[in-house]
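Fold and geometry: a report
Next come the chains, spelled out residue by residue.
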Amino acid sequence: DLPTLVSNVVNNVAEQVAWRELYDQLIQTRILPHINPEGKPLTVYYPGAGADIIRPIRATAATRYVYLDEVHMGLRGFDHLERLFRDSGAVDIKMVLRDSETAVYSFKYPRSDGLLVPREVVYYAAKDARSFLPAELHLGYDVLFAHHSPVGLVSASAEEIELLLSNLRPGGYIFETPII
């Protein structure tokens, strides 16, 4: 019946929200101290980012993030991402569109100690990580942040894996996040 179905959905959503909050807290307390305890200017690559734009910032405290997604965004989608940054605590947000499928966001975001530090996110929409390597990564990146298995790494060809990992700097990290 409908009331039971609605109740189950509400409980399921509440459990997911609680899980996300716990997961984000664990990232702050268990992951961040290992990936970038000194707050160095790292570059994070996140293929398949979608709207999950805040978790890598909280997990790494890097200064530059390069996000990639296969979905077309357009101005409306990029405006939505800007609101997500703002709602998460980012200030002084500036967005510049490079073209209809690429936006660059610069803003200040608090470190774990509360100090606001400059961050930059370059977001490529309508790009496939199996065949496209953003120019910002040609000199290397420090953290690969990925959902469960980066762009289907298990089923990817050797060439696709080479493209994905070719510029991960020595001593870099691969961080897999469950899809939640």
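These figures come from a predicted structure and were not determined experimentally. (Residues numbered from 1 in each chain as written. Predicted model: local features only at pLDDT ≥ 70, side-chain atom pairs only at ≥ 80, totals over all residues. Heavy atoms only, no water.)

**So, the pattern of salt bridges**
Scanning the entire structure with this criterion turns up seven salt bridges. E136 is the salt-bridge partner of R98, the closest N and O atoms lying 2.7 Å from each other. In this pair, R98 sits in strand β3 (residues 91–99) while E136 sits in the loop between β5 (116–124) and β6 (141–147), placing the two residues 38 residues apart along the sequence. Taking relative accessible area as the criterion, R98 reaches 45% and is therefore assigned partly exposed. One salt bridge connects D128 with R130, and the closest N-O pair in it is separated by 3.1 Å. R130 gets classed as partly exposed once you look at its relative accessible area, which sits at 34%. Residues joined by salt bridges that share partners form a network here, namely E70, D128 and R130. (Salt bridge = Lys/Arg side-chain N within 4 Å of Asp/Glu carboxyl O. Helix = DSSP H or I, 4+ residues; strand = E, 2+ residues; numbered from the N terminus. Buried < 20%, exposed > 50% of the residue type's maximum accessible area, 1.4 Å probe, protein only.)

**Observations regarding the nonpolar core**
When a protein is soluble and globular, its nonpolar side chains tend to lie buried together. Counting 28 residues, the largest nonpolar core has Y67, F85, Y105, F107 and Y123 as its most contacted members. Of all elements in the fold, only β1 (43–47), α2 (55–60), β2 (64–68), α3 (74–87), β4 (102–110), β5 and β6 reach the threshold of two or more residues within this core. For this core, the element with the most residues is β4, which contributes four residues. What Y105 contacts, discounting residues up to four positions off in sequence, is F78, L81, E82, F85, K94, M95, R119, E120, V121 and Y123. Judged by nonpolar contacts, the second largest core, of 12 residues, contains L68, Y124, L133 and Y141. (Core = buried A, V, L, I, M, F, W, Y, C linked by side-chain atoms within 4.5 Å. Contact = heavy atoms within 4.5 Å.)

**Points about the confidence of the model for the protein**
Taken over all residues, the pLDDT of the protein has a mean of 80, while the share at 70 or more is 74%. Taken element by element, the predicted model of the protein shows its lowest mean pLDDT in helix α1 (residues 2–35) (56) and its highest in β3 (96). Per-residue pLDDT stays below 50 along residues 1–14; that stretch engages in zero contacts with residues further than four places along the chain or on separate chains. (pLDDT = per-residue confidence, 0-100.)

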